[in-house]
Amino acid sequence: MLGTWSFSARALGAAWPGLAQGGKALDAAVVACTMAEEDPAVDSVGYGGLPDADGQVSLDGCVMLAPGRAGSVACLKRHRHPVRVARMVMERTRHLMLAGEAADRFADEAGELREEVLAPEAAAAWKRWMEQAVGDALAAGTAVEREGVIDASLAPGPRPVDPGAGGPLFLSQERRWWGHDTIGAIVRDRAGTIAGACSTSGTPFKLPGRVGDSPIIGHGLYVDPAAGAAVATGTGELISAVCGSFLVVEGMRAGKSAVESIRAALERIERSFSLEPQHQAAFVALRADGDHAGGALRNGFLYSRQDGQGCTVSPATVVLRGD
Ligand code: ASP
């Protein structure tokens, strides 16, 4: 089992016993993401996730076993577990992706509990953002107000740095809301089946309606049993623009190692954008033969690996830039 960021170690650990007893890869990937979605200490996934500029949490997620076996949801606002709902889209419909209010209605009909999605800590962080960060950004001219919604997306911020403790990704607590910490999990079970899942609340304080890479098949997650799997985290706009996870898997299909494939996708991002200091993009990849790696544009990305020997949290195998 592989997961993005050090906080995924807890989630993988929770899913491990079931997998070790012969459980299926997809069940384990869903359990791992569900754990993170439930954890109020994880501030970019599920219940703890930071809301959009309107103060509303909207959650995205997807699951994938193969090009013909995937499901996804975007902008869930009344259900905490996008990955579980994405699995139902895959298993109970002929569609790949549901979005918005209709996706919440689908979840209702599928029997998912309606739950509060905004944790008190996340609500307090939104209030602080409104008071401080937006004030700063408006004063600096990097935020605009449109129809009562503040777009501070042009305001610069520090990028996420994982200190390895499984917690928040910023040294300065006041600025941690600019971060990214989607959970992505890739699991290979005893039968050799590979499954992936990805769950996020997206960019903190995003413009309402914004959807990043995470729920989009080929962007935030791609799995093809013939080649391998990749999952992404970081600035969704960078990752989506190069179909990041698909690009990594295609590299492995062409015979590259996991780390070479990640490096090539990161180089594509670097060539395609004029990178800003807060930009980060990271991938975790598993080749069909077990070769695996994690890599990032910049320092500060960690990934977790859980197997029969236990859990390890490692720095990225490749980091493209020293800045
Ligand atoms: N990739 C996610 C998004 O852009 C955010 C993240 O990984 O933190 O929605």
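Our structure is the block above this text.
Below you will find a few notes about this structure. (Residues numbered from 1 in each chain as written. Predicted model: local features only at pLDDT ≥ 70, side-chain atom pairs only at ≥ 80, totals over all residues. Heavy atoms only, no water.)

For the protein chain, the count of helices and strands is eight helices and 15 strands. For the protein chain, with 323 residues in total, the buried portion stands at 57%. (Helix = DSSP H or I, 4+ residues; strand = E, 2+ residues; numbered from the N terminus. Buried < 20%, exposed > 50% of the residue type's maximum accessible area, 1.4 Å probe, protein only.)

We now examine the environment of A232. Following the sequence through the fold, A232 ends up in strand β10 (residues 228–234). For the pair A232 and D213, spaced 19 residues apart in sequence, the C-alpha separation works out to 8.0 Å. With residues near it in sequence (within four places) discarded, A232 still touches T182, C198, D213, H219, G220, I239, S245, A282 and F283. (Contact = heavy atoms within 4.5 Å.)

Following the criterion strictly, the structure yields three aromatic pairs and no others. Between W5 and F301, the aromatic rings sit 4.9 Å apart at their centres with planes inclined by 80°, giving edge-to-face as the arrangement. Of this pair, W5 sits in the loop between β1 (2–4) and α1 (8–20) while F301 sits in the loop between β12 (292–296) and β13 (302–307), and the two are 296 residues apart along the sequence. Each member of the pair W5 and F301 is classed as buried. (Phe/Tyr/Trp six-rings, centres within 6.5 Å; stacked < 30°, edge-to-face > 60°.)

The next point concerns the sheet that holds strand β14 (residues 310–315). The strand order across the open sheet built from eight strands is β4-β3-β2-β8-β7-β1-β13-β14, with neighbouring strands paired in mixed fashion. Lying at the two open borders of the sheet, with one neighbouring strand each, are β4 (97–99) and β14. Taken pair by pair, the neighbouring strands of this sheet meet at an average axis angle of 10°, ignoring direction. Contacts from helix α3 (residues 82–92) reach β2 (59–66), β3 (69–76), β4 and β8 (194–200) within the one sheet, and its direction differs from that of β3 by about 135°. (Pairing = 2+ DSSP bridges. Axes fitted to C-alpha atoms, helices over the stretch in contact; angles between N-to-C directions.)

What follows is about unusual backbone geometry. For W5, which is not glycine, the phi dihedral falls at a positive 65°. Looking at W5, the relative accessible area reads 0%, which means it is buried. Positive phi, close to 60°, is recorded for F205, a residue that is not glycine.

Here helix α2 (residues 25–38) crosses α3 at 145°, and the two axes come no closer than 8 Å. Counted together, L26, D27, V30, C33, T34 and E37 of α2 and P82, V83, R84, R87, M90 and E91 of α3 form the full contact between these two elements. Of the residues belonging to the contact of α2 with α3, the class tally is six nonpolar, one polar and five charged. (Nonpolar A, V, L, I, M, F, W, Y, C, P; charged D, E, K, R; others polar.)

Turning our attention to helix α5 (residues 120–140). The end-to-end C-alpha distance of α5 is 29 Å, a good match for the 30 Å that 21 residues give at a rise of 1.5 Å each. Taken together, the buried positions of α5 are A122, A125, W129, A133, V134 and A137. (Expected span 1.5 Å × (residues − 1).)

So, on to the layout of surface pockets. Computed from the structure, the second largest pocket encloses a volume of approximately 260 Å³. Breaking the lining of the second largest pocket down by element, the ones donating at least two residues are α1, β7 (183–188) and β13. By residue class, the composition of the lining of the second largest pocket is seven nonpolar, four polar and four charged. (1 Å grid on protein atoms, 1.4 Å probe; cavity = no way out; pocket = protein on both sides within 12 Å on 5 of 7 lines; lining within 4 Å. Points joined across faces, edges and corners; volume = space filled by probe spheres on them.)

All right, on to helix α7 (residues 244–253) then. Among the residues of α7, G244, S245, V248, V249, G251 and M252 are the ones counted as buried. Buried residues of α7, viewed axially, fall in a sector of 150°; they line one side. (Arc of directions from axis to C-beta.)

In this fold, V89 is placed in helix α3. Of the residues examined, V89 reaches a relative accessible area of 0% and is grouped as buried. Along the sequence, V89 and C62 sit 27 residues apart, while their C-alpha atoms lie 9.3 Å from each other.

What follows is about the packing of α1 against α2. Direction vectors running N to C along α1 and α2 enclose 150°, while the axes themselves pass 8 Å from each other. Between α1 and α2, the angle is such that the two are roughly antiparallel. As for how α1 packs across α2, the hand of that crossing is right-handed. In this structure, α1 uses A11, L12, A14, A15 and L19 to contact α2, whose residues at the interface are A25, A28, V31, A32, M35 and A36. Taken together, the residues of the contact of α1 with α2 break down into 11 nonpolar, no polar and no charged. (Parallel < 35°, antiparallel > 145°, perpendicular 65-115°, else oblique. Left-handed = near helix turned anticlockwise from the far one by under 90°.)

Let's shift gears to the pattern of salt bridges. Evaluated as defined, the whole model comprises 16 salt bridges. When the shortest N-O distance is used, the salt bridge between D27 and R87 registers 2.8 Å. With D27 in helix α2 and R87 in helix α3, the pair connects residues that are 60 residues apart, well separated along the chain. A salt bridge links D108 to R114, with the nearest nitrogen and oxygen atoms 2.9 Å apart. (Salt bridge = Lys/Arg side-chain N within 4 Å of Asp/Glu carboxyl O.)

This brings us to the pairing of β12. Of all five residues in β12, four are buried, a share of seventy percent or more. With five bridges joining them, strand β11 (residues 281–287) and β12 adopt antiparallel strand pairing. From the neighbouring strand, A282 faces β12, where its bridge partner is A296. Hairpin connection from β11 to β12: four residues lie between these consecutive antiparallel strands, with G290 at a positive phi of about 105°. Bridge count for β12 against strand β15 (residues 318–319) is two bridges, and the pairing is parallel. Residue A296 lies in a different strand from β15, and its bridge partner there is V319.

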